[in-house]
Amino acid sequence: MVTTQQLDSALSTALQTAGRGHRGANPLVGASILDGEGNLIATGYHLGAGHPHAEVDALRRLGKIDPAAAEKLTMIVTLEPCNHTGRTGPCAAAIANAGIGSVYYAVSDNTAASGGAEYLRGRGIPTTQFADDAAARELNHRWFLSKEQARPFITVKLAQSLDARINAPDGTSQWITSAESRDHAHGLRARVDGILIGTNTAVIDNPRLSARTRDGQLHSKQPYRLVMGQRELPGNLALAEGEDWEQIATHDVHAVIDRANELGLGHLLIEGGATVASAFIEADLADELYCYQAPLLIGAGSSSVNLPTSTLSEAHRYRLDTASNESLARLGDDIMLHLEPLPGV
């Protein structure tokens, strides 16, 4: 017989395991499986969009098991199992087909993927929600907000000197950060659905906005490229290679979000410049920040953000995203900070 204490411990393990994944279009989710005596026998997590969900990952790690033995197993999940076919199949059906005897989950899913608990109960599998979902809800508080606001999950990337400069007074900016930081940022590009810059950045820096490996090869997944602003763009932009790009002639962040929704972009990366990044931060649309901090002082030049803050109480406050698989890392001589807004702020 599984005890309440064992269930709570399994949920805590699932929450910790969830952090091995990447934030983005899908939430961080973890799963634990207990045997009939309440012993932890398998865990799983969702790495990110397009990868197996936590429940399926846990079942895969569990391996083949006799149906009679499966009936004695309990699965604990940080989020209600999905009942939706997207890039992967429905987890509720996978759990039922595996013969798992009972299921507990922390947070109800109110998105298009909801209905897993009802499906499982309809298959005769006791499915119970934990009374306290606070920790699981905080784990993905910005993802839940993005869903409530019907918009993509939004990441802002900053690459700057110690004094928060992104270039020198003469405009030179290559390279402020290390090769290791740039390689990490390319990995981030490969995970997102779309990438956004302003027209000034497009013209002055002329980036390709592709996701590349350290040796210059293209990642298998490439982001859709968006340019925000009304400045006329030249026809020879590096990012204009191929058809997967467009200009959105606006300075309104909400118009950009509307277009991203039309394109089906679940995860949008804001790469700059400072005006574009600041607009999303000021509108409280930055769900996470990746800040690559290089060990140099420039003393003048453009700032990485330009926020209309007049007093300290108006500052935008963040915390290290310690729940995720990375919060603070050394990349070459740089420091990478992975940050999220404070819950409820």
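Residues numbered from 1 in each chain as written. Predicted model: local features only at pLDDT ≥ 70, side-chain atom pairs only at ≥ 80, totals over all residues. Heavy atoms only, no water.

Focus on the pairing of strand 4 (residues 102-107)
Part 1: Burial runs high along strand 4: five of the six residues are buried.
Part 2: In terms of strand pairing, strand 3 (residues 74-79) meets strand 4 through five bridges, oriented parallel. When the bridges of strand 4 are listed, L79 appears paired with V107.
Part 3: Between strand 3 and its parallel partner strand 4, the chain crosses via helix 4 (residues 91-98), and the hand of that crossover is right-handed. (Buried < 20%, exposed > 50% of the residue type's maximum accessible area, 1.4 Å probe, protein only. Helix = DSSP H or I, 4+ residues; strand = E, 2+ residues; numbered from the N terminus. Pairing = 2+ DSSP bridges. Right-handed = clockwise from strand over helix to strand, strands pointing away.)

What about the sheet that holds strand 5 (residues 127-129)?
Whether parallel or antiparallel, the strands of a sheet pair through hydrogen bonds between backbone atoms.
Part 1: Spatially, the five strands line up as an open sheet ordered 2-1-3-4-5, and their pairing is mixed. The open sheet is flanked by strand 2 (40-45) and strand 5, the only strands paired with a single partner. The sheet shows a mean angle of 20° between the axes of neighbouring strands, taken without regard to direction.
Part 2: Examined bridge by bridge, strand 1 (residues 30-34) and strand 3 share four bridges and lie antiparallel to one another. What sits directly across from I33, in strand 3, is M75. (Axes fitted to C-alpha atoms, helices over the stretch in contact; angles between N-to-C directions.)

Observations regarding the environment of N206
Part 1: On the secondary structure map, N206 appears in the loop between helix 9 (199-204) and strand 8 (224-228).
Part 2: Placed 20 residues apart in sequence, N206 and L226 show a C-alpha to C-alpha distance of 13 Å.
Part 3: The contact partners of N206, leaving out residues within four places of it in the chain, are T201, N236, L237 and A238.
Part 4: Side-chain polar atoms of N206 contact the backbone nitrogen of A238, separated by 2.8 Å. (Contact = heavy atoms within 4.5 Å. Polar contact = N/O pair within 3.5 Å; in protein donor to acceptor, adjacent residues only side chain to side chain.)

Brief notes about unusual backbone geometry
With glycine set apart, most residues show a phi of negative sign, and most peptide bonds adopt trans.
Part 1: The step from G272 to G273 runs through a cis peptide bond, and the omega angle for that step is 5°.
Part 2: Within the element layout of this structure, G273 appears in the loop between strand 10 (267-272) and helix 11 (274-282).
Part 3: Of note, the phi angle at A150 is positive, near 50°, even though the residue is not glycine.
Part 4: By relative accessible area, which is 54% here, A150 ends up exposed.
Part 5: Residue D284 is not a glycine yet carries a positive backbone phi of 55°.
Part 6: Since its relative accessible area comes to 33%, D284 is described here as partly exposed.

Taken by themselves, the reported measurements are silent on function.
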